[in-house]
Amino acid sequence: MTAALRPGDPTIVNVALGERAYDIVIGRNQMAAALGTRAAALKPGARAAIVTDDTVAGLHLESAEAALAAGGLATCRVVVGAGEGTKSFAGFERVCEALIAARVERGDLVVALGGGVVGDLAGFAASVVRRGLDYIQVPTTLLAQVDSSVGGKTAINSHHGKNLIGAFYQPILVMADTAVLDTLPPRQFRAGYAEIVKYGLLGDAGFFAWLDANVKEVFAGGAAREHAIATSCRMKAAIVARDERETGDRALLNLGHTFGHALEAAAGFSDRLLHGEAVALGMALAAEFSARLGVLAPAQVARATRHLADAGLPVRLAQVAGNLAGDLAGGVPDADRLMELMAQDKKVKRGKLTFILMRDIGAAYIAPDVDPAQLRAFLVEKLDGQ
Ligand SMILES: NC(=O)c1ccc[n+]([C@@H]2O[C@H](COP(=O)([O-])OP(=O)(O)OC[C@H]3O[C@@H](n4cnc5c(N)ncnc54)[C@H](O)[C@@H]3O)[C@@H](O)[C@H]2O)c1
Ligand SMILES: [Zn+2]
């Protein structure tokens, strides 16, 4: 990683994937400063189709268009509805047809301007339209800047579960302009922060300690926020470079996600429980379950949980039970229902549940055959509010 030299200089993290390597550019106002020139350098003469959602369009689309125009790129827009519902076959069809209708050609460019929903959807469309178009991620949520825009996982949801239809397809550039986060609702920022904490918990005790000392500054913005985003991207980039297709280590990035996805599914993938909120609670449960199995010291569980709770994130099932009881979800799930939802997760191999557990803060590991009975007993207890 190249560290920022002066205030105003970006931090550049390279994702070292050989021919498919690309830069993540992180810094305030970098979209205006560098998106156009970098896009033009990567794709001389290309037209850029900007895919965005209707919320982000009202806030940042014109700046993105101006930045690309400054680099000499002609642009067109594809605007989809905001929200997880857009990551569907219908949303996918709309984006593909709109790209084709706009006469986007093989040498042109797709620019995904938005959160993880737009990034996953536009990236997946880019992977198949005309058998593959290059694309740039311009993530506008904290979650997208530290997680979804990096690593090339693209997807839409199936009726059977989240992200079940997709492709590994790397972008050619990620432009994380931290100034666009100024318009993000605080709840969305907090949810994205859960993924930052994830990096500390899974692989970097020093980073976790730094977050513990600097959480207020990260929320306030400025240099601490950029450092947190850059450190997260550097860790994700390193893991992806080692294991692009998740045959090994990359699974560590799923810390908190097996519990989390089951809770999101129970909440009907709705605003009742945001992805990052589910992951925060999932990480707290993973830590507690690790302690239950005797591999993590209770004091470390308390440290991890306290940090998440202090950041305003949910850490106990009882805190979110009301959110899971919505009419779409069919009431508060019991342990068996949660087990069923976990079994639908694609991290299941031949019926055994694979969990990411923790030996220590900063030392997560892949546990490939968690005993369902032990897990069920743990969930029953947690649902009882213990
Ligand atoms: N591909 C991956 O590796 C990966 C990793 C993690 C998550 N994901 C996916 O990412 C998605 C979640 O992403 P998300 O949390 O960014 O959600 P999102 O894309 O739905 O964005 C959240 C909300 O914030 C709004 N928004 C976005 N940027 C804004 C801004 N700058 N100012 C104001 N509002 C803004 C959006 O319109 C939306 O309403 C999920 O579908 C998840 O599966 C993918
Ligand atoms: Zn996540």
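Throughout what follows, the structure given in this document is the object of discussion. (Residues numbered from 1 in each chain as written. Chains lettered and ligands numbered in written order. Predicted model: local features only at pLDDT ≥ 70, side-chain atom pairs only at ≥ 80, totals over all residues. Heavy atoms only, no water.)

Octahedral metals with six donors have ideal donor angles of 90 or 180 degrees. Tetrahedral metals with four donors have an ideal donor angle of 109.5 degrees. The coordination sphere of the zinc ion (ligand 2) contains the protein donors E195 (OE), H257 (NE2) and H275 (NE2), at a distance range of 2.0 to 2.1 Å. For the zinc ion (ligand 2), all donor residues lie on one chain, and their spacing in sequence is E-x61-H-x17-H. Of the two residues, E195 sits in helix 6 (residues 186–203) while H275 sits in helix 10 (residues 275–292), which places them 80 residues apart along the sequence. (Donors = N, O, S within 2.8 Å, 3.2 Å for Na, K, Ca; no water. Helix = DSSP H or I, 4+ residues; strand = E, 2+ residues; numbered from the N terminus.)

This part covers the nonpolar core. By size, the foremost hydrophobic cluster in this structure holds 82 residues, and its most contacted members are L142, Y193, L201, F259, M342 and L375. Here the element with the most residues in this core is helix 10; it accounts for ten residues. Here L142 is in contact with L181, L184, F189, G192, Y193, I196 and I229, once residues within four sequence places are set aside. If you look at the next biggest cluster of nonpolar residues, it comprises 25 residues, including L61, A67, L173 and V180. (Core = buried A, V, L, I, M, F, W, Y, C linked by side-chain atoms within 4.5 Å. Buried < 20%, exposed > 50% of the residue type's maximum accessible area, 1.4 Å probe, protein only. Contact = heavy atoms within 4.5 Å.)

With that settled, consider empty space enclosed by the protein. Throughout the structure, instances matching the rule amount to three cavities of 30 Å³ or more. In this structure, the second largest cavity encloses a volume near 40 Å³. Taken together, F259, A262, L263, L285, L317, L338, M342 and L379 make up the full set of residues lining the second largest cavity. The leading source of residues in the lining of the second largest cavity is helix 9 (residues 257–266), at three residues. Across the lining of the second largest cavity, the residue classes break down as eight nonpolar, no polar and no charged. (1 Å grid on protein atoms, 1.4 Å probe; cavity = no way out; pocket = protein on both sides within 12 Å on 5 of 7 lines; lining within 4 Å. Points joined across faces, edges and corners; volume = space filled by probe spheres on them. Nonpolar A, V, L, I, M, F, W, Y, C, P; charged D, E, K, R; others polar.)

All right, on to the side chain of D177 then. Structurally, D177 can be placed in strand 9 (residues 173–177). For the buried D177, which has no salt bridge, the nearest side chain bearing the opposite charge is R28, at an N-O separation of 6.5 Å. Within the local environment of D177, its side chain forms a polar contact with the backbone nitrogen of Q30, the two atoms lying 3.3 Å apart. Ignoring any residue separated from it by four or fewer positions in sequence, one finds D177 in contact with G27, R28, N29, Q30, M31, A32 and Q145. (Lys, Arg positive; Asp, Glu negative; His and termini not counted. Salt bridge = Lys/Arg side-chain N within 4 Å of Asp/Glu carboxyl O. Polar contact = N/O pair within 3.5 Å; in protein donor to acceptor, adjacent residues only side chain to side chain.)

Once that is clear, we can look at the packing of helix 1 (residues 30–42) against helix 2 (residues 54–70). Helices that pack against each other are described as a pair by the angle of their axes relative to one another and the distance between those axes. As a packed pair, helix 1 and helix 2 sit with axes 7 Å apart at the nearest point and diverge in direction by 50 degrees. Here helix 2 runs oblique to helix 1, going by the angle between their axes. Between helix 1 and helix 2 lies a crossing whose hand is right-handed. On the side of helix 1, the interface is formed by M31, A32, L35, G36 and A39, while helix 2 contributes H60, S63, A64, A67 and L68. Of the residues in the contact of helix 1 with helix 2, the class split is seven nonpolar, three polar and no charged. (Axes fitted to C-alpha atoms, helices over the stretch in contact; angles between N-to-C directions. Parallel < 35°, antiparallel > 145°, perpendicular 65-115°, else oblique. Left-handed = near helix turned anticlockwise from the far one by under 90°.)

This part covers the state of the cysteines. According to the stated counting rule, one finds zero disulfides in the structure shown. Here C76 stays free of any disulfide, with the sulfur of C96 as its closest cysteine sulfur at 14 Å. Given the relative accessible area of 12%, C96 is considered buried. (Disulfide = S-S within 2.5 Å.)

Quick look at the sheet that holds strand 6 (residues 134–139) now. The sheet built from seven strands is open, its strands ordered 1-2-9-6-5-3-4 with mixed pairing. Of all strands in the sheet, those bounded by a partner on one side alone are strand 1 (11–15) and strand 4 (75–80). The average undirected angle you get between the axes of adjacent strands in this sheet is 20 degrees. Contacting strand 1, strand 2 (22–27), strand 5 (109–114), strand 6 and strand 9, helix 1 crosses the sheet at an angle of about 170 degrees to strand 9. Of the strands in this sheet, strand 3 (48–53), strand 4, strand 5 and strand 6 are in contact with helix 4 (residues 116–128), which crosses strand 5 at around 165 degrees. (Pairing = 2+ DSSP bridges.)

According to the stated counting rule, one finds nine aromatic pairs in the structure shown. Aromatic pair F92 and F124: ring centres 4.5 Å apart, planes at 20 degrees, arrangement stacked. You can see F92 sitting in helix 3 (residues 89–101) and its partner F124 sitting in helix 4, a full 32 residues away along the chain. Here F92 and F124 have matching classes, each one buried. Each ring, one from F259 and one from F378, has its centre 6.3 Å from the other, and the planes form 50 degrees; the classification is tilted. In this pair, F259 sits in helix 9 while F378 sits in helix 14 (residues 372–383), placing the two residues 119 residues apart along the sequence. Across this residue pair, the class does not change: F259 and F378 are buried. Taking NZ or CZ as reference, K198 lies 5.3 Å from the ring centre of Y199, over its face. (Phe/Tyr/Trp six-rings, centres within 6.5 Å; stacked < 30°, edge-to-face > 60°. Lys NZ or Arg CZ within 6 Å of the ring centre and 35° of its normal.)

Bringing unusual backbone geometry into the picture now. Unlike most non-glycine residues, R131 shows phi in positive territory, near 60 degrees. Note on placement: R131 falls in the loop between helix 4 and strand 6. Residue R131 is classed as exposed on the basis of its relative accessible area of 76%. Its identity as a non-glycine residue notwithstanding, E246 has a phi of 55 degrees, on the positive side. Position of E246 relative to the elements: it lies in the loop between helix 8 (223–242) and helix 9. Classification of E246 by relative accessible area gives partly exposed; the value is 22%.

It is worth spelling out helix 14 at this point. For helix 14, spanning twelve residues, the distance from its first C-alpha to its last is 16 Å, which sits close to the expected 16 Å at 1.5 Å a residue. The set of residues buried in helix 14 consists of L375, F378, L379 and K382. Down the axis of helix 14, the buried side of the element spans an arc of 100 degrees, and every buried residue falls inside it. Two or three places before A373, at the start of helix 14, stands the capping residue D371, its side-chain oxygen 3.1 Å from that residue's backbone nitrogen. (Expected span 1.5 Å × (residues − 1). Arc of directions from axis to C-beta.)

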